[in-house]
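Structural overview for review
What follows is the residue order along each chain.
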Amino acid sequence: MLKGLFTIKNRAIWLQALFFVVLVLLGKLDPVEVVIIYALETVIIGVFQILRLITIGFQDGKMLKEKLYSLAITGFFTIHYGFFVFIQTTFFFVFLSIGDNRIKDSFGLENFKTIASFEGVQIATGLLLITYFIKYWTNFYEPKKYVNAKVEVYMFQPYLRIFIQQFVAIIPAFFIIFGNAGMAVALVLIVVRLIADLAIFKLKSDQVYFQKVVDYLFTEKIQNDGKTQRQDIEDFLVILTDE
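Residues numbered from 1 in each chain as written. Predicted model: local features only at pLDDT ≥ 70, side-chain atom pairs only at ≥ 80, totals over all residues. Heavy atoms only, no water.

This paragraph deals with the pattern of salt bridges. Side-chain pairs of opposite charge can arise where the charged atoms are in close proximity. In total, this model carries four salt bridges according to the counting rule given. Where Arg193 meets Asp197, a salt bridge forms, and the shortest distance between an N and an O atom there is 2.9 Å. Placement of both Arg193 and Asp197 in helix H8 (residues 182-205) is noted, with a separation of four residues, approximately one turn of the helix. Look at Arg193 and you get buried, because its relative accessible area is 3%. Residues Asp206 and Lys202 are paired through a salt bridge, measuring 3.1 Å at the closest nitrogen-oxygen approach. The network of salt bridges with shared partners includes Glu41, Arg193 and Asp197. (Salt bridge = Lys/Arg side-chain N within 4 Å of Asp/Glu carboxyl O. Helix = DSSP H or I, 4+ residues; strand = E, 2+ residues; numbered from the N terminus. Buried < 20%, exposed > 50% of the residue type's maximum accessible area, 1.4 Å probe, protein only.)

Another point: the nonpolar core. Counting residues in each nonpolar core, the largest one holds 47 residues, and the members touching the most others are Phe20, Val34 and Ile36. If you list the elements that add at least two residues to this core, you get helix H1 (11-25), helix H2 (31-57), helix H3 (64-97), helix H5 (119-141), helix H6 (151-154) and H8. A per-element tally of this core places H2 first, with 13 residues. Look past the residues within four positions of Ile36 in its chain and what remains in contact with it is Leu96, Ile103, Ile115, Phe118 and Val121. Formed by five residues, the second largest nonpolar core is a distinct cluster that contains Phe210, Val214, Ile233 and Leu237. (Core = buried A, V, L, I, M, F, W, Y, C linked by side-chain atoms within 4.5 Å. Contact = heavy atoms within 4.5 Å.)

Within this structure, the stated rule accounts for 16 aromatic pairs. Note on Phe19 and Phe20: the rings are 6.4 Å apart at their centroids and 45° apart in plane angle, and the pair reads as tilted. With relative accessibility at 33%, the residue Phe19 sits in the partly exposed group. Take Phe20: its relative accessible area is 3%, and that puts it in the buried class. Ring centres of Phe133 and Tyr136 lie 6.5 Å apart, and the angle between their planes is 40°; this geometry places the pair in the tilted category. In this pair, Phe133 and Tyr136 both sit in helix H5, three residues apart, roughly one turn of the helix. (Phe/Tyr/Trp six-rings, centres within 6.5 Å; stacked < 30°, edge-to-face > 60°.)

Right, let's talk about the environment of Tyr69 for a bit. For Tyr69, the location among the structural elements is in helix H3. Among the residues examined, Tyr69 registers a relative accessible area of 42% and is labelled partly exposed. Placed 82 residues apart in sequence, Tyr69 and Val151 show a C-alpha to C-alpha distance of 8.9 Å. Among residues more than four places away in sequence, those in contact with Tyr69 are Val151 and Glu152.

Where H1 meets H5, the axes come as close as 11 Å, and the angle between the chain directions of the two elements is 175°. Comparing the axis directions of H1 and H5 gives the class roughly antiparallel. For the pair H1 and H5, contact is made by Gln16, Phe19, Phe20 and Leu23 and by Ile123, Ala124, Leu127, Leu128 and Thr131, respectively. Its residues assigned to classes, the contact of H1 with H5 comprises seven nonpolar, two polar and no charged. (Axes fitted to C-alpha atoms, helices over the stretch in contact; angles between N-to-C directions. Parallel < 35°, antiparallel > 145°, perpendicular 65-115°, else oblique. Nonpolar A, V, L, I, M, F, W, Y, C, P; charged D, E, K, R; others polar.)

Before going further, it helps to examine the layout of surface pockets. Its boundaries defined by the atoms lining it, the largest pocket holds a volume of some 580 Å³. Lining the largest pocket are 27 residues; nearest its centre among them are Ala12, Ile13, Lys135, Asn139 and Phe201. Counting only elements with at least two residues in the lining of the largest pocket, the list comes to H1, H5 and H8. Tallying contributions element by element places H5 first for the lining of the largest pocket, with nine residues. Its residues assigned to classes, the lining of the largest pocket shows twelve nonpolar, six polar and nine charged. In this structure, the second largest pocket occupies an estimated 320 Å³ of space. As for the second largest pocket, its lining consists of 13 residues, and the residues nearest its centre are Asn148, Ala149, Lys150, Tyr154 and Ile239. Per element, the largest residue contribution to the lining of the second largest pocket is five residues, and it comes from helix H10 (residues 230-241). Among the residues forming the lining of the second largest pocket, the class breakdown is six nonpolar, one polar and six charged. (1 Å grid on protein atoms, 1.4 Å probe; cavity = no way out; pocket = protein on both sides within 12 Å on 5 of 7 lines; lining within 4 Å. Points joined across faces, edges and corners; volume = space filled by probe spheres on them.)

Next comes the structure, spelled out in structure tokens:
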């Protein structure tokens, strides 16, 4: 099942995971900080998504009406996504405060100051910022994917990633906080997240695999409503995996 996942083309993905593993093994990143990093990544994803939406809406040649429309969509996304981040972050802080007395059970700015002082979080967050900027530049801006992009459709792009983010972080976090095998579970969390990232990359780069997923989703949608067009599913899936 893992055949073809680890390649030179996706080396940035598994090198990042390897870097996190090394930090954990060297004691520069403790298990609780691993959970914090994946929670903070949600914020970073949102920031770069706003940057993408602004790039789409304010490219050369856009009329004032189009720019205002894009600005409204970007504002809606910011509020909607921001509310989601607020709920998620509050949950994580309450959750993490049970196992770490450095963190308070609230959304307060003190918690952000506290986690910002963690050496492992500083290193990993810096790496994530660099990684997401490179993705923005090489996968989106430089190839000029914003030219034909529709802002009202593209705003949904990060939600597949966020779904995976919560699934692979919350469950292992229970074991990290309430169990005794913190490092082992942290390593498992990194590996599970790595496999999910590689699977998304394979979906994006392997047309045979991509078409199989489209066929499955199309069959499911046809059974449910009978109206969905195959091309609509294909286009939407392209956007979801276009990181």
